[in-house]
Amino acid sequence: MDREKSVNSVAKALRVLQAVARPELPHRLGEIAAHAGVPKASTHRILATLVEEGYVVADGEGRYSVGFQLHALAAQVLSDDAVGIDAVLRALQQRLGQAVHLAVLSGESATYTHKVDPGHAYRIATEIGMPLPLHASAAGKALLAHLPEAEAEALLDRAGLPARTPHTLTDRAALQRELDRVREEGHAAEYEEADEAICSLAAPVLDADGYPRGAVSVSSLVFLVTRDQLQAFAPAVRQAAQEVARRL
């Protein structure tokens, strides 16, 4: 009987977590309970534990969204080369000759889960696990542009638009116009917006529902790649992102 209760409790917790992770974040307690099919009192207790463990974040106003630990777990899943993701990224690196990354949404940042270094002598100081500003990085903008509007707005409200360099977009309306362009063109670019001397271009990895599960990016140093050359990478990066999506 105790084992049955334990299994039932785990099932309820999983249903609550799935309800929290639905699009159009964040969700209120009543919405989560209704979607999970779990009584409000039980849902509240489960959410308290998930918040304590970092799998869910509470905004202090009765709304809940996915926490860092769940994003980190997703990143670990994406890091499994059994699905051939590394092979896709290596092929892209060989084709373009620049550093290639895969990033996923993690909290209020994008986080690298894969990196393939270029063959030339110049290396970019990036590493797996490195967080990226959503508003200033190509990978971050590719993710933001394809998130449900409410989720993207909530992320920007929390993270703000701090200036990383003189080129960073710090105006909300200007960033929104940029994200509109990203959705239309299928890729995002930045030239010294996150770090001076570095540029990047990224395309989203979209699931069957159009939700961004990650972003494939190519990065270089500005003295090696002009703005026009960076834009010329777009077709290859979009194709690689689509290949990664097919392997998820």
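The rules behind these values
Residues numbered from 1 in each chain as written. Predicted model: local features only at pLDDT ≥ 70, side-chain atom pairs only at ≥ 80, totals over all residues. Heavy atoms only, no water. Helix = DSSP H or I, 4+ residues; strand = E, 2+ residues; numbered from the N terminus. Buried < 20%, exposed > 50% of the residue type's maximum accessible area, 1.4 Å probe, protein only. Contact = heavy atoms within 4.5 Å. Pairing = 2+ DSSP bridges. Axes fitted to C-alpha atoms, helices over the stretch in contact; angles between N-to-C directions. Salt bridge = Lys/Arg side-chain N within 4 Å of Asp/Glu carboxyl O. Patch = residues over 30% accessible without salt bridge, like charges linked within 9 Å, V, L, I, M, F, W, Y side chains within 5 Å. Areas by Shrake-Rupley, 256 points an atom, 1.4 Å probe, with all protein chains shown as cover. Parallel < 35°, antiparallel > 145°, perpendicular 65-115°, else oblique. Nonpolar A, V, L, I, M, F, W, Y, C, P; charged D, E, K, R; others polar.

> Sorry if this is basic, but what is going on with the overall build of the protein here?
Secondary structure assignment for the protein yields ten helices and nine strands. Classification of the 248 residues of the protein by burial places 46% in the buried group. In the protein, of all internal contacts separated by at least 6 residues, the share reaching a separation of at least 24 is 56%.

> How should the sheet that holds strand S7 (residues 188-191) be read in this particular structure?
Hydrogen bonds between backbone groups are what pair the strands of a sheet, and the pairing can be parallel or antiparallel. Across the sheet, which stays open at both edges, the six strands sit in the order S6-S5-S4-S9-S8-S7 with antiparallel pairing between neighbours. Here the strands that pair on one side only, and so sit at the sheet edges, are strand S6 (131-133) and S7. Strand-to-strand twist across the sheet, computed as the mean angle between neighbouring axes with direction ignored, equals 30°. As judged from the nine bridges shared by strand S8 (residues 198-206) and strand S9 (residues 212-221), these two strands associate in the antiparallel manner. The partner of Leu201 across the bridge, within S9, is Val218.

> I would appreciate a short explanation of the pairing of strand S5 (residues 109-116) in the present structure.
Within a regular beta strand, the side chains point alternately toward one face of the sheet and then the other, so they alternate between its two faces. Of all the eight residues making up S5, six are buried; the element is thus mostly covered by neighbouring parts of the structure. Where strand S4 (residues 99-106) lies against S5, seven bridges are found, and the strand directions are antiparallel. Bridge assignment links Leu105 to a residue of S5, and that residue is Ala110. Where S4 folds back on S5, the antiparallel hairpin that results is connected by two residues, among which Gly107 adopts a positive phi of roughly 65°. In terms of strand pairing, S5 meets S6 through three bridges, oriented antiparallel. What sits directly across from Thr111, in S6, is Pro131.

> Even after reading the chapter, I still don't get the pattern of salt bridges, so can you show me in this structure?
Proximity of charged atoms lets side chains of opposite charge pair with each other. If you walk through the whole model with that rule in mind, you get 15 salt bridges. Counted as one network, the salt bridges with shared partners bring together Lys141, Glu178, Arg181, Glu185 and Glu193.

> Honestly, the environment of Leu230 in this entry has me stumped. Any pointers?
In this fold, Leu230 is placed in helix H9 (residues 227-232). In this structure, Leu230 is in contact with Ala189, Glu190, Tyr191, Cys199, Ser200, Leu201 and Val225, ignoring residues within four places of it in sequence.

> What should I look at first to understand helix H7 (residues 149-159) in this one?
The periodicity of an α-helix, 3.6 residues per turn, causes residues three or four places apart in sequence to face the same way. Turning to H7, its buried residues number three or more, namely Glu151, Ala152, Ala154, Leu155 and Leu156. On its buried face, H7 sits against S4, helix H6 (138-146) and helix H8 (172-185). Directly after H7, the chain includes Gly160, whose backbone phi takes a positive value near 75°.

> Mind showing me how you'd approach a nonpolar patch on the surface here?
The grouping of Tyr122, Phe223 and Leu224 at the surface amounts to a nonpolar patch, some 310 Å² of accessible area in total. Mapped onto the fold, Tyr122 is located in the loop between S5 and S6.

> Sorry if this is basic, but what is going on with the sheet that holds strand S1 (residues 27-28) here?
With antiparallel pairing, three strands are arranged side by side in an open sheet as S1-S3-S2. The open sheet terminates on both sides in strands that have one partner only, identified here as S1 and strand S2 (56-58). Summarising the sheet, S1 and strand S3 (residues 63-66) pair through two bridges and their orientation is antiparallel. For His27, the partnering residue across the bridge sits in S3 and is Tyr64. Along the sheet face, helix H3 (residues 40-53) touches S2 and S3 and points at about 105° away from the line of S2.

> Looking at this model, I keep getting lost on the packing of helix H2 (residues 29-36) against H3. Mind explaining?
How two helices pack is summed up by the angle between their axes together with the distance between the axes. Taken N-terminus to C-terminus, the directions of H2 and H3 make an angle of 105°; their axes are 9 Å apart at the nearest point. Regarding the angle of H2 to H3, the classification is roughly perpendicular. Of H3, the residues touching H2 (which contributes Leu29, Gly30, Ile32 and Ala33) are Lys40, Thr43, His44 and Leu47. Residue classes in the contact of H2 with H3 are distributed as four nonpolar, three polar and one charged.

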